Amino acid sequence: QVQLVESGGGLVQAGGSLRLSCAASGRTFRIYDMGWFRQAPGKEREFVAAIRRSAGTTKFADSVKGRFTISSDNAKNTVYLQMHSLKPDDTATYYCAARPFWKSGEPYDYWGQGTQVTVDS
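Numbering of residues starts from 1 in each chain and follows the order in which that chain's sequence is written. Local features in this predicted model are restricted to residues of pLDDT 70 or higher, and side-chain atom pairs are both shown and tallied only at a pLDDT of 80 or more, whereas totals for entire chains, interfaces and linings draw on every residue. Side-chain figures throughout are based on the complete set of non-hydrogen atoms in the structure, without hydrogens or water.

A. Focus on a nonpolar patch on the surface. Only residues whose relative accessible area exceeds 30% and that form no salt bridge are eligible for patches; like-charged ones are grouped when within 9 Å, while nonpolar side chains (Val, Leu, Ile, Met, Phe, Trp, Tyr) are grouped when within 5 Å. Per-residue and other accessible areas were derived by the Shrake-Rupley procedure at a 1.4 Å probe size, with only the shown protein chains allowed to occlude residues. Should a side-chain nitrogen of Lys or Arg be within 4 Å of a carboxyl oxygen of Asp or Glu, the pair is scored as a salt bridge. Taken together, I31, F101 and W102 make up a surface patch of nonpolar side chains, about 300 Å² in accessible area. Per the convention used, a helix needs a DSSP run of H or I reaching at least four residues, while a strand needs a run of E reaching at least two, with both numbered from the N terminus. Its place among the elements puts F101 in the loop between β9 (92-100) and β10 (110-111).

B. Structural context of the sheet that holds strand β7 (residues 68-73). Between any two strands, at least two bridges found by DSSP are needed for them to pair. An order of β1-β3-β8-β7 is seen for the 4 strands of this open sheet, with the pairing classed as antiparallel. The open sheet terminates on both sides in strands that have one partner only, identified here as β1 (4-7) and β7. Averaged over all pairs of adjacent strands, the angle between their axes in this sheet comes to 15°, without regard to strand direction. Sheet analysis places β7 next to strand β8 (residues 78-83), joined by 6 bridges and oriented antiparallel. Bridge assignment links S71 to a residue of β8, and that residue is Y80. Helix axes are fitted to C-alpha atoms over the stretch in contact, other axes to C-alpha atoms as well, and angles between N-to-C directions run from 0 to 180 degrees.

C. Expanded view of the environment of A92. Checked against the element boundaries, A92 lands in strand β9. Exposure is judged per residue with a 1.4 Å probe applied to protein chains only, and the accessible area is read against the type maximum: over 50% gives exposed, under 20% gives buried, and values in between give partly exposed. In this structure A92 comes out as buried when scored by relative accessible area, which is 3%. Sequence separation between A92 and T115 is 23 residues; the distance between their C-alpha atoms is 8.5 Å. Residue contacts follow a heavy-atom distance rule, with two residues in contact if any of their heavy atoms lie within 4.5 Å. Not counting residues within four places of it along the chain, the set of residues in contact with A92 comprises R38, Q39, A40, T115, Q116 and V117.

D. Region of interest: the nonpolar core. Here, nonpolar core refers to any group of buried Ala, Val, Leu, Ile, Met, Phe, Trp, Tyr and Cys residues whose side-chain atoms link them within 4.5 Å. Grouped together as the largest cluster of nonpolar side chains are 29 residues, with contacts concentrated most on M34, W36, V79, L81, M83 and Y94. Look past the residues within four positions of M83 in its chain and what remains in contact with it is G16, S17, L18, L20, R67, F68, Y94 and V117.

E. Structural view of the packing of aromatic side chains. Only rings of Phe, Tyr and Trp enter the pairing, Trp through its six-membered ring, and a pair is recorded when the two centres are within 6.5 Å. The plane angle decides the type: under 30 degrees is stacked, over 60 is edge-to-face, the rest tilted. Counted according to the given criterion, the structure contains 6 aromatic pairs. Centroid distance F37 to W111: 5.0 Å. Interplanar angle 55°. Geometry classified as tilted. Placement of the pair is F37 in strand β4 (residues 32-39) and W111 in strand β10, with a sequence separation of 74 residues. On the basis of relative accessible area, F37 is assigned to the buried category, the value being 12%. On the basis of relative accessibility, which here comes to 34%, the residue W111 falls in the partly exposed class. A network of ring pairs unites the aromatic residues F37, F47, Y108 and W111 as a single cluster. Throughout this description, the term charge over a ring refers to an Arg CZ or Lys NZ atom that lies within 6 Å of the ring centre and within 35 degrees of the ring normal. In this arrangement the basic side chain of R45 is found over the ring face of W111, its NZ or CZ atom lying 4.8 Å from the centre.

F. Structural context of the environment of R53. With respect to the helices, strands and loops of the structure, R53 is situated in the loop between β5 (46-52) and β6 (57-60). Sequence separation of R53 and L4 is 49 residues, and the distance between their C-alpha atoms is 18 Å. Ignoring anything within four residues of it in the chain, the contact list for R53 reads F29, R30, I31, Y32, D33, M34, S72, N74 and F101.

G. Structural context of the side chain of T115. Following the sequence through the fold, T115 ends up in strand β11 (residues 115-120). If near-sequence neighbours (up to four positions away) are discounted, T115 is found in contact with E6, S7, G8, G9, L20, A92, T93 and Y94.

Structure (structure tokens):
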């Protein structure tokens, strides 16, 4: 059982920055792959970024490469999504997700409630 709570969303002007946080419960944070997804009105949920523990790698969707970074603070059981050069197309509800590292490549097991990001033109 993993509980995920996102925070940090809000309203920002195009070209601005936001940092989203995802706080995870438990003491086994380091064994979980962590991902960020987003869903805009009328669109399907899409992958944004992820940390894969066993491979020691990060991955990003093409739409956010060079603008977003993902990082982890293991002492705080928290993963971050730092977003720069935000565009109106980035407007969406952002979700944090987690899965044990040995299930890498499979669907994520746990999801947060989401946090809204709105980017003005």
